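An overview of the molecular structure
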Amino acid sequence: MNTTFPTRAADGLRNTQQRRNLAKATNTIRGKTAKVTAELPDWEALRDAGKAIKQEAHARLDQYLLQLEEMVTRAGGQVHWAADAAEARDIIVRLTQDAGTDQVIKIKSMTTDEIELNPALEAAGIRPFETDLADMIVQMAKEKPSHLLVPAIHKNRVEIRDLFRAEMGEHGTGLSDRPPDLTRAARAYLRRKFMETKVAISGANFAVAETGTVGVVESEGNGRMCLTLPQVLISIMGIEKVLPRFDDLSVFLQLLPRAATGERMNPYNSLWTGVHAGDGPREFHLVLLDNGRSNILADEVARETLHCIRCSRCLNVCPVYERAGGHAYDSMYQGPIGAIVTPQLRGLEETGSLPYASSLCGACHEVCPVKINIPQILVHLRGRVVREGHAGKGEALAMGVAARMFGNQGALDWSLWAGRLGQKLLMRDGALPWLPPPLSGWTLSRDFPALPAESFRDWWQKREEK
(Lines give C-alpha, C1' and ligand atoms only; values in the text may rest on other atoms or scores of the structure.)
Protein backbone atom coordinates (compact mmCIF):
# COMPACT_ATOMS: atom_id res chain seq x y z
CA MET A 1 0.00 0.00 0.00
CA ASN A 2 1.12 3.55 -0.70
CA THR A 3 -0.93 5.04 2.12
CA THR A 4 -0.16 6.07 5.67
CA PHE A 5 -1.41 4.51 8.87
CA PRO A 6 -4.04 7.25 9.48
CA THR A 7 -5.59 6.61 6.05
CA ARG A 8 -5.69 2.85 6.54
CA ALA A 9 -6.94 3.25 10.11
CA ALA A 10 -9.83 5.38 8.87
CA ASP A 11 -10.89 2.47 6.64
CA GLY A 12 -10.78 0.14 9.64
CA LEU A 13 -12.85 2.52 11.76
CA ARG A 14 -15.55 2.55 9.10
CA ASN A 15 -15.76 -1.27 9.14
CA THR A 16 -18.23 -1.68 11.99
CA GLN A 17 -18.39 -5.49 11.73
CA GLN A 18 -14.62 -5.74 12.02
CA ARG A 19 -14.64 -3.46 15.05
CA ARG A 20 -17.24 -5.66 16.75
CA ASN A 21 -15.25 -8.79 15.92
CA LEU A 22 -12.03 -7.29 17.31
CA ALA A 23 -13.64 -5.92 20.45
CA LYS A 24 -15.18 -9.28 21.30
CA ALA A 25 -12.01 -11.26 20.60
CA THR A 26 -9.53 -8.97 22.36
CA ASN A 27 -11.78 -8.61 25.41
CA THR A 28 -11.99 -12.39 25.69
CA ILE A 29 -8.23 -12.89 25.35
CA ARG A 30 -7.47 -10.06 27.79
CA GLY A 31 -9.63 -11.68 30.43
CA LYS A 32 -8.02 -15.10 30.00
CA THR A 33 -4.43 -13.84 30.05
CA ALA A 34 -5.05 -11.60 33.06
CA LYS A 35 -6.49 -14.55 34.99
CA VAL A 36 -3.70 -17.04 34.33
CA THR A 37 -0.83 -14.58 34.79
CA ALA A 38 -2.30 -13.52 38.12
CA GLU A 39 -2.20 -17.16 39.27
CA LEU A 40 1.60 -17.23 39.41
CA PRO A 41 3.15 -15.63 42.49
CA ASP A 42 6.47 -15.40 40.61
CA TRP A 43 5.08 -13.91 37.38
CA GLU A 44 7.12 -10.72 37.75
CA ALA A 45 10.25 -12.76 38.47
CA LEU A 46 9.60 -14.79 35.31
CA ARG A 47 9.29 -11.57 33.30
CA ASP A 48 12.59 -10.34 34.72
CA ALA A 49 14.22 -13.68 33.90
CA GLY A 50 12.91 -13.60 30.34
CA LYS A 51 14.23 -10.09 29.82
CA ALA A 52 17.64 -11.01 31.29
CA ILE A 53 17.97 -14.10 29.07
CA LYS A 54 17.17 -12.07 25.97
CA GLN A 55 19.69 -9.39 26.96
CA GLU A 56 22.39 -12.00 27.46
CA ALA A 57 21.60 -13.75 24.16
CA HIS A 58 21.74 -10.51 22.18
CA ALA A 59 24.87 -9.22 23.92
CA ARG A 60 26.73 -12.29 22.62
CA LEU A 61 24.56 -13.00 19.59
CA ASP A 62 27.47 -13.71 17.24
CA GLN A 63 28.85 -16.39 19.56
CA TYR A 64 25.50 -18.06 20.21
CA LEU A 65 24.58 -18.16 16.52
CA LEU A 66 27.85 -19.85 15.63
CA GLN A 67 27.35 -22.33 18.47
CA LEU A 68 23.83 -23.01 17.19
CA GLU A 69 25.17 -23.66 13.69
CA GLU A 70 27.78 -26.05 15.04
CA MET A 71 25.29 -28.05 17.09
CA VAL A 72 22.64 -28.24 14.34
CA THR A 73 25.28 -29.45 11.88
CA ARG A 74 26.64 -31.98 14.37
CA ALA A 75 23.10 -33.39 14.75
CA GLY A 76 22.74 -33.90 11.00
CA GLY A 77 20.98 -30.68 10.02
CA GLN A 78 22.13 -27.97 7.62
CA VAL A 79 22.29 -24.25 8.41
CA HIS A 80 21.83 -21.50 5.82
CA TRP A 81 22.48 -17.80 6.43
CA ALA A 82 20.21 -15.21 4.80
CA ALA A 83 21.22 -11.56 4.93
CA ASP A 84 17.87 -10.34 3.62
CA ALA A 85 14.45 -11.46 2.43
CA ALA A 86 15.53 -12.07 -1.15
CA GLU A 87 18.34 -14.40 -0.10
CA ALA A 88 16.01 -16.29 2.25
CA ARG A 89 13.43 -16.74 -0.51
CA ASP A 90 16.05 -18.02 -2.92
CA ILE A 91 17.37 -20.55 -0.40
CA ILE A 92 13.94 -21.96 0.45
CA VAL A 93 12.74 -22.12 -3.16
CA ARG A 94 15.94 -23.92 -4.18
CA LEU A 95 15.66 -26.44 -1.32
CA THR A 96 12.04 -27.14 -2.23
CA GLN A 97 12.89 -27.62 -5.90
CA ASP A 98 15.74 -29.95 -4.97
CA ALA A 99 13.20 -32.10 -3.11
CA GLY A 100 11.26 -32.55 -6.37
CA THR A 101 7.85 -31.39 -5.18
CA ASP A 102 5.29 -28.89 -6.41
CA GLN A 103 3.62 -28.21 -3.05
CA VAL A 104 4.57 -27.52 0.57
CA ILE A 105 2.75 -27.39 3.90
CA LYS A 106 3.48 -24.58 6.35
CA ILE A 107 3.32 -23.95 10.07
CA LYS A 108 4.13 -20.85 12.15
CA SER A 109 4.60 -18.77 9.02
CA MET A 110 4.94 -15.19 10.34
CA THR A 111 8.58 -14.95 9.26
CA THR A 112 7.71 -16.37 5.84
CA ASP A 113 5.12 -13.59 5.55
CA GLU A 114 7.87 -11.09 6.40
CA ILE A 115 10.00 -12.29 3.47
CA GLU A 116 6.94 -12.72 1.19
CA LEU A 117 7.74 -16.38 0.60
CA ASN A 118 4.38 -17.57 -0.74
CA PRO A 119 4.46 -15.42 -3.92
CA ALA A 120 8.03 -16.59 -4.56
CA LEU A 121 7.00 -20.25 -4.21
CA GLU A 122 4.01 -19.75 -6.49
CA ALA A 123 6.18 -18.01 -9.09
CA ALA A 124 8.40 -21.12 -9.06
CA GLY A 125 5.38 -23.41 -9.61
CA ILE A 126 5.17 -24.55 -5.97
CA ARG A 127 1.85 -24.28 -4.16
CA PRO A 128 2.02 -23.44 -0.44
CA PHE A 129 -0.71 -24.62 1.95
CA GLU A 130 -1.06 -22.87 5.30
CA THR A 131 -2.09 -25.34 8.01
CA ASP A 132 -2.67 -23.07 11.01
CA LEU A 133 -6.44 -22.65 10.97
CA ALA A 134 -6.37 -18.85 11.04
CA ASP A 135 -3.55 -18.66 8.48
CA MET A 136 -5.50 -21.00 6.23
CA ILE A 137 -8.56 -18.74 6.51
CA VAL A 138 -6.49 -15.67 5.59
CA GLN A 139 -4.89 -17.50 2.66
CA MET A 140 -8.27 -18.66 1.34
CA ALA A 141 -9.65 -15.13 1.65
CA LYS A 142 -6.58 -13.76 -0.21
CA GLU A 143 -6.02 -11.32 2.64
CA LYS A 144 -3.16 -10.44 4.96
CA PRO A 145 -2.97 -11.45 8.64
CA SER A 146 -4.48 -8.92 11.04
CA HIS A 147 -3.10 -10.23 14.35
CA LEU A 148 0.19 -11.81 15.44
CA LEU A 149 -1.41 -14.79 17.09
CA VAL A 150 -4.89 -14.96 15.55
CA PRO A 151 -4.37 -13.82 11.94
CA ALA A 152 -8.10 -14.07 11.13
CA ILE A 153 -9.29 -12.26 14.27
CA HIS A 154 -11.14 -9.76 12.08
CA LYS A 155 -13.55 -12.46 10.85
CA ASN A 156 -16.47 -14.02 12.68
CA ARG A 157 -17.68 -17.60 12.32
CA VAL A 158 -20.40 -16.73 9.79
CA GLU A 159 -17.83 -15.14 7.51
CA ILE A 160 -15.56 -18.18 7.95
CA ARG A 161 -18.40 -20.57 7.15
CA ASP A 162 -19.16 -18.71 3.91
CA LEU A 163 -15.48 -18.78 2.98
CA PHE A 164 -15.18 -22.53 3.64
CA ARG A 165 -18.28 -23.21 1.58
CA ALA A 166 -16.75 -21.33 -1.33
CA GLU A 167 -13.19 -22.70 -1.09
CA MET A 168 -13.27 -26.23 0.38
CA GLY A 169 -15.25 -28.08 -2.25
CA GLU A 170 -16.96 -31.18 -0.83
CA HIS A 171 -15.72 -30.41 2.68
CA GLY A 172 -17.61 -27.11 2.70
CA THR A 173 -20.90 -28.33 1.33
CA GLY A 174 -23.79 -27.56 3.69
CA LEU A 175 -21.39 -26.46 6.42
CA SER A 176 -22.84 -24.73 9.50
CA ASP A 177 -21.20 -21.89 11.43
CA ARG A 178 -20.75 -23.97 14.61
CA PRO A 179 -17.05 -23.94 15.65
CA PRO A 180 -16.87 -27.77 15.98
CA ASP A 181 -18.23 -28.14 12.43
CA LEU A 182 -15.79 -25.56 11.05
CA THR A 183 -12.89 -27.30 12.79
CA ARG A 184 -14.02 -30.71 11.52
CA ALA A 185 -14.15 -29.42 7.94
CA ALA A 186 -10.67 -27.90 8.22
CA ARG A 187 -9.29 -31.14 9.64
CA ALA A 188 -10.72 -33.20 6.78
CA TYR A 189 -9.47 -30.70 4.20
CA LEU A 190 -5.91 -30.68 5.58
CA ARG A 191 -5.49 -34.35 6.41
CA ARG A 192 -4.70 -35.40 2.84
CA LYS A 193 -2.18 -32.54 2.55
CA PHE A 194 -0.36 -33.79 5.64
CA MET A 195 -0.15 -37.31 4.27
CA GLU A 196 0.88 -36.46 0.71
CA THR A 197 3.27 -33.51 0.99
CA LYS A 198 7.02 -34.18 1.01
CA VAL A 199 8.25 -30.77 2.22
CA ALA A 200 7.19 -28.69 5.21
CA ILE A 201 8.22 -25.12 5.95
CA SER A 202 8.06 -23.88 9.52
CA GLY A 203 8.92 -20.87 11.55
CA ALA A 204 10.43 -21.25 15.01
CA ASN A 205 9.64 -19.86 18.43
CA PHE A 206 13.09 -20.60 19.85
CA ALA A 207 16.40 -22.26 19.02
CA VAL A 208 18.91 -23.36 21.66
CA ALA A 209 22.59 -22.69 21.02
CA GLU A 210 23.74 -25.23 23.61
CA THR A 211 22.07 -28.22 21.94
CA GLY A 212 21.03 -27.17 18.42
CA THR A 213 17.40 -27.74 19.37
CA VAL A 214 14.65 -25.86 17.52
CA GLY A 215 11.18 -25.44 18.99
CA VAL A 216 7.64 -24.63 17.91
CA VAL A 217 4.71 -24.24 20.30
CA GLU A 218 1.11 -24.37 19.08
CA SER A 219 -2.42 -25.30 20.05
CA GLU A 220 -3.92 -27.18 17.11
CA GLY A 221 -1.69 -30.19 16.43
CA ASN A 222 -1.12 -29.24 12.81
CA GLY A 223 2.41 -28.23 13.74
CA ARG A 224 3.21 -31.70 15.02
CA MET A 225 1.96 -33.12 11.70
CA CYS A 226 4.11 -30.72 9.68
CA LEU A 227 7.19 -31.31 11.75
CA THR A 228 7.12 -35.11 11.72
CA LEU A 229 5.46 -36.46 8.55
CA PRO A 230 7.27 -34.79 5.59
CA GLN A 231 10.60 -36.04 4.28
CA VAL A 232 12.16 -32.56 4.30
CA LEU A 233 11.72 -29.88 6.96
CA ILE A 234 12.84 -26.31 6.31
CA SER A 235 12.67 -23.96 9.30
CA ILE A 236 13.27 -20.22 9.04
CA MET A 237 13.85 -18.03 12.09
CA GLY A 238 15.03 -14.54 12.84
CA ILE A 239 18.50 -14.51 14.37
CA GLU A 240 17.12 -12.87 17.54
CA LYS A 241 15.27 -16.03 18.59
CA VAL A 242 18.34 -17.95 19.74
CA LEU A 243 18.57 -18.84 23.45
CA PRO A 244 21.86 -19.68 25.18
CA ARG A 245 20.86 -22.79 27.15
CA PHE A 246 18.26 -25.55 27.05
CA ASP A 247 17.19 -24.64 30.59
CA ASP A 248 16.15 -21.19 29.31
CA LEU A 249 13.17 -22.82 27.67
CA SER A 250 11.64 -23.39 31.11
CA VAL A 251 11.15 -19.63 31.45
CA PHE A 252 9.69 -18.98 28.02
CA LEU A 253 7.44 -22.04 28.00
CA GLN A 254 5.74 -20.49 31.03
CA LEU A 255 5.71 -16.89 29.77
CA LEU A 256 4.50 -17.48 26.22
CA PRO A 257 1.27 -19.47 26.63
CA ARG A 258 0.00 -17.45 29.58
CA ALA A 259 0.68 -14.12 27.85
CA ALA A 260 -0.49 -15.24 24.42
CA THR A 261 -3.60 -17.40 24.70
CA GLY A 262 -4.33 -17.54 28.42
CA GLU A 263 -3.30 -21.20 28.57
CA ARG A 264 -1.14 -22.55 31.37
CA MET A 265 0.77 -24.65 28.86
CA ASN A 266 0.67 -24.97 25.08
CA PRO A 267 -1.04 -28.22 24.09
CA TYR A 268 1.77 -28.99 21.62
CA ASN A 269 5.42 -28.22 22.39
CA SER A 270 7.57 -29.66 19.60
CA LEU A 271 11.35 -29.73 20.00
CA TRP A 272 13.71 -31.35 17.52
CA THR A 273 17.47 -31.61 17.16
CA GLY A 274 18.81 -32.48 13.72
CA VAL A 275 17.63 -35.68 12.04
CA HIS A 276 17.23 -39.25 13.27
CA ALA A 277 17.02 -42.34 11.08
CA GLY A 278 13.48 -43.71 10.90
CA ASP A 279 12.03 -40.89 12.99
CA GLY A 280 10.77 -37.68 11.42
CA PRO A 281 12.14 -35.87 8.35
CA ARG A 282 15.18 -37.23 6.53
CA GLU A 283 16.51 -33.71 5.94
CA PHE A 284 16.44 -30.68 8.20
CA HIS A 285 17.43 -27.20 7.05
CA LEU A 286 17.59 -24.17 9.34
CA VAL A 287 17.56 -20.74 7.65
CA LEU A 288 18.87 -17.95 9.89
CA LEU A 289 17.43 -14.61 8.79
CA ASP A 290 18.88 -11.16 9.45
CA ASN A 291 16.80 -8.86 7.21
CA GLY A 292 17.50 -5.73 9.22
CA ARG A 293 17.83 -7.25 12.67
CA SER A 294 21.52 -6.38 12.94
CA ASN A 295 20.61 -2.73 12.40
CA ILE A 296 18.06 -2.91 15.22
CA LEU A 297 20.66 -4.51 17.48
CA ALA A 298 23.01 -1.60 16.79
CA ASP A 299 20.48 0.94 18.14
CA GLU A 300 21.04 1.16 21.91
CA VAL A 301 17.52 2.49 22.57
CA ALA A 302 15.55 0.30 20.17
CA ARG A 303 17.48 -2.98 20.41
CA GLU A 304 15.12 -4.45 23.00
CA THR A 305 12.58 -4.61 20.16
CA LEU A 306 14.30 -7.92 19.39
CA HIS A 307 13.29 -9.34 22.77
CA CYS A 308 9.74 -9.88 21.47
CA ILE A 309 8.47 -13.46 21.74
CA ARG A 310 5.43 -12.77 19.49
CA CYS A 311 2.84 -13.39 22.21
CA SER A 312 0.56 -10.56 20.93
CA ARG A 313 -0.41 -9.45 24.42
CA CYS A 314 0.37 -5.83 23.53
CA LEU A 315 -2.15 -5.97 20.68
CA ASN A 316 -4.90 -7.23 22.96
CA VAL A 317 -4.59 -4.28 25.35
CA CYS A 318 -4.02 -1.57 22.73
CA PRO A 319 -6.99 0.80 22.17
CA VAL A 320 -5.59 1.88 18.80
CA TYR A 321 -5.28 -1.68 17.47
CA GLU A 322 -8.74 -2.66 18.72
CA ARG A 323 -10.38 0.17 16.78
CA ALA A 324 -8.19 0.47 13.69
CA GLY A 325 -7.63 -3.24 13.07
CA GLY A 326 -4.52 -5.12 12.05
CA HIS A 327 -4.65 -4.33 8.33
CA ALA A 328 -4.09 -0.64 9.13
CA TYR A 329 -0.45 -1.51 9.93
CA ASP A 330 0.14 -2.95 6.41
CA SER A 331 2.49 -5.51 7.91
CA MET A 332 2.59 -9.03 9.26
CA TYR A 333 3.52 -7.39 12.58
CA GLN A 334 0.62 -5.35 13.97
CA GLY A 335 -0.26 -3.39 17.06
CA PRO A 336 2.27 -1.69 19.36
CA ILE A 337 5.07 -4.15 18.61
CA GLY A 338 4.38 -3.79 14.89
CA ALA A 339 4.60 -0.02 15.22
CA ILE A 340 8.23 -0.39 16.30
CA VAL A 341 9.30 -3.56 14.45
CA THR A 342 8.06 -2.72 10.96
CA PRO A 343 9.66 0.75 10.68
CA GLN A 344 13.01 -0.70 11.70
CA LEU A 345 12.78 -3.62 9.26
CA ARG A 346 11.39 -1.73 6.27
CA GLY A 347 12.71 1.78 6.85
CA LEU A 348 11.18 4.99 8.16
CA GLU A 349 10.85 6.49 4.69
CA GLU A 350 8.22 3.86 3.84
CA THR A 351 6.65 3.38 7.27
CA GLY A 352 7.26 6.66 9.09
CA SER A 353 3.63 7.00 10.15
CA LEU A 354 3.65 3.80 12.24
CA PRO A 355 5.53 5.16 15.30
CA TYR A 356 2.62 7.59 15.66
CA ALA A 357 0.05 4.74 15.74
CA SER A 358 -0.15 4.90 19.52
CA SER A 359 -1.60 7.01 22.29
CA LEU A 360 1.50 6.25 24.43
CA CYS A 361 -0.83 5.07 27.20
CA GLY A 362 1.80 2.52 28.30
CA ALA A 363 -0.52 -0.51 28.53
CA CYS A 364 1.72 -2.46 26.14
CA HIS A 365 4.79 -1.98 28.36
CA GLU A 366 2.80 -2.89 31.45
CA VAL A 367 1.75 -6.33 30.12
CA CYS A 368 4.73 -7.33 27.94
CA PRO A 369 6.07 -10.64 29.30
CA VAL A 370 9.67 -9.58 28.62
CA LYS A 371 9.13 -5.92 29.62
CA ILE A 372 9.88 -4.24 26.29
CA ASN A 373 9.51 -0.49 26.80
CA ILE A 374 7.47 0.04 23.64
CA PRO A 375 6.40 3.64 24.44
CA GLN A 376 10.02 4.70 24.87
CA ILE A 377 10.96 3.14 21.53
CA LEU A 378 7.97 4.77 19.82
CA VAL A 379 9.12 8.20 21.01
CA HIS A 380 12.68 7.38 19.94
CA LEU A 381 11.49 6.44 16.45
CA ARG A 382 9.33 9.56 16.21
CA GLY A 383 12.45 11.58 16.86
CA ARG A 384 14.24 9.74 14.07
CA VAL A 385 11.34 10.38 11.70
CA VAL A 386 11.73 14.12 12.26
CA ARG A 387 15.55 14.17 12.26
CA GLU A 388 15.80 12.11 9.09
CA GLY A 389 13.30 14.30 7.24
CA HIS A 390 10.46 11.79 6.90
CA ALA A 391 7.89 13.88 8.76
CA GLY A 392 5.21 15.79 6.88
CA LYS A 393 6.06 19.32 5.78
CA GLY A 394 3.53 20.78 8.18
CA GLU A 395 4.95 18.92 11.16
CA ALA A 396 8.54 19.76 10.23
CA LEU A 397 7.60 23.45 9.91
CA ALA A 398 5.74 23.41 13.23
CA MET A 399 8.64 21.74 15.03
CA GLY A 400 11.07 24.23 13.54
CA VAL A 401 8.99 27.18 14.69
CA ALA A 402 8.60 25.62 18.13
CA ALA A 403 12.34 25.07 18.42
CA ARG A 404 13.07 28.71 17.63
CA MET A 405 10.36 29.89 20.01
CA PHE A 406 11.54 27.76 22.95
CA GLY A 407 15.11 28.77 22.24
CA ASN A 408 14.39 32.48 22.65
CA GLN A 409 12.98 33.74 25.94
CA GLY A 410 11.57 36.90 24.40
CA ALA A 411 9.78 34.99 21.63
CA LEU A 412 8.40 32.52 24.18
CA ASP A 413 7.06 35.30 26.43
CA TRP A 414 5.43 37.05 23.45
CA SER A 415 3.86 33.77 22.23
CA LEU A 416 2.39 33.02 25.64
CA TRP A 417 0.97 36.54 25.89
CA ALA A 418 -0.56 36.34 22.41
CA GLY A 419 -1.93 32.87 23.09
CA ARG A 420 -3.66 33.92 26.30
CA LEU A 421 -5.16 36.91 24.54
CA GLY A 422 -6.43 34.88 21.59
CA GLN A 423 -7.87 32.02 23.61
CA LYS A 424 -10.30 34.35 25.39
CA LEU A 425 -12.35 34.31 22.20
CA LEU A 426 -12.27 30.52 21.82
CA MET A 427 -12.18 29.02 25.32
CA ARG A 428 -15.18 27.03 26.59
CA ASP A 429 -15.23 25.41 30.05
CA GLY A 430 -11.49 25.79 30.50
CA ALA A 431 -10.49 24.24 27.15
CA LEU A 432 -10.34 25.11 23.45
CA PRO A 433 -12.87 22.99 21.51
CA TRP A 434 -11.96 24.52 18.15
CA LEU A 435 -8.82 25.96 16.57
CA PRO A 436 -8.31 27.28 13.03
CA PRO A 437 -6.36 25.22 10.45
CA PRO A 438 -3.90 23.58 10.61
CA LEU A 439 -4.46 23.18 14.36
CA SER A 440 -8.02 22.08 13.64
CA GLY A 441 -6.58 18.63 12.88
CA TRP A 442 -6.14 18.26 16.65
CA THR A 443 -9.47 19.71 17.74
CA LEU A 444 -11.50 17.59 15.32
CA SER A 445 -11.24 14.74 17.82
CA ARG A 446 -10.27 16.36 21.14
CA ASP A 447 -10.18 19.65 23.01
CA PHE A 448 -6.95 21.62 23.22
CA PRO A 449 -5.94 22.39 26.82
CA ALA A 450 -6.05 26.09 27.51
CA LEU A 451 -2.95 28.02 28.55
CA PRO A 452 -2.89 28.83 32.28
CA ALA A 453 -3.54 32.41 33.28
CA GLU A 454 -0.03 32.62 34.73
CA SER A 455 3.17 30.81 33.74
CA PHE A 456 5.41 29.06 36.25
CA ARG A 457 8.18 31.57 35.48
CA ASP A 458 5.87 34.52 36.27
CA TRP A 459 4.64 32.85 39.44
CA TRP A 460 8.21 32.17 40.57
CA GLN A 461 9.30 35.74 39.90
CA LYS A 462 6.43 37.13 41.98
CA ARG A 463 7.28 34.67 44.76
CA GLU A 464 10.90 35.82 44.80
CA GLU A 465 9.86 39.46 44.96
CA LYS A 466 7.83 38.92 48.15
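Everything numeric here is computed off the predicted structure, so don't read it as measured data.

Rules and cut-offs
Residues numbered from 1 in each chain as written. Predicted model: local features only at pLDDT ≥ 70, side-chain atom pairs only at ≥ 80, totals over all residues. Heavy atoms only, no water. Phe/Tyr/Trp six-rings, centres within 6.5 Å; stacked < 30°, edge-to-face > 60°. Helix = DSSP H or I, 4+ residues; strand = E, 2+ residues; numbered from the N terminus. Buried < 20%, exposed > 50% of the residue type's maximum accessible area, 1.4 Å probe, protein only. Salt bridge = Lys/Arg side-chain N within 4 Å of Asp/Glu carboxyl O. Pairing = 2+ DSSP bridges. Axes fitted to C-alpha atoms, helices over the stretch in contact; angles between N-to-C directions.

1. With respect to the packing of aromatic side chains
One pass over the structure, following the stated rule, counts 7 aromatic pairs. Centre to centre, the rings of F5 and Y329 are 5.0 Å apart; their planes meet at 55°, and the pair counts as tilted. Within this pair, whereas F5 is found in helix α1 (residues 5–14), its partner Y329 is found in the loop between α15 (319–324) and α16 (335–346), the two being separated by 324 residues in sequence. On the basis of relative accessibility, which here comes to 7%, the residue F5 falls in the buried class.

2. Focus: the pattern of salt bridges
Going through the model one piece at a time under the given rule, you end up with 28 salt bridges. Residue D48 pairs with K371 through a salt bridge whose shortest N-O separation is 2.6 Å. Of the two residues, D48 is situated in helix α3 (residues 43–59) and K371 in the loop between α18 (363–367) and α19 (374–387); the sequence distance between them amounts to 323 residues. D98 is paired through a salt bridge with R94; the nearest N and O atoms lie 4.0 Å apart. Residue D98 and its partner R94 are located together in helix α5 (residues 85–98), separated by 4 residues, close to a single helical turn. Judged by relative accessible area, which is 38%, R94 ranks as partly exposed. One salt-bridge network, held together by shared partners, links E44, R47, D48 and K371.

3. Points about the environment of A418
Assignment of secondary structure puts A418 in helix α21 (residues 409–423). Taking the C-alpha atoms as reference points, A418 and G400, 18 residues apart in sequence, are found 19 Å from one another.

4. Thoughts on the sheet that holds strand β7 (residues 232–238)
In a beta sheet, neighbouring strands are held together by backbone hydrogen bonds and run either parallel or antiparallel to one another. Spatially, β1-β10-β7-β4-β2-β3 is the arrangement adopted by the 6 strands of the open sheet, whose pairing is parallel. The strands lining the two open edges of the sheet, one partner per strand, are β1 (78–82) and β3 (127–130). When the angles between neighbouring strand axes are averaged without regard to direction, this sheet yields 25°. When strand β2 (residues 103–107) meets strand β4 (residues 199–202), the two strands line up parallel, connected through 4 bridges. Looking at the pairing, I107 lines up with S202 of β4.

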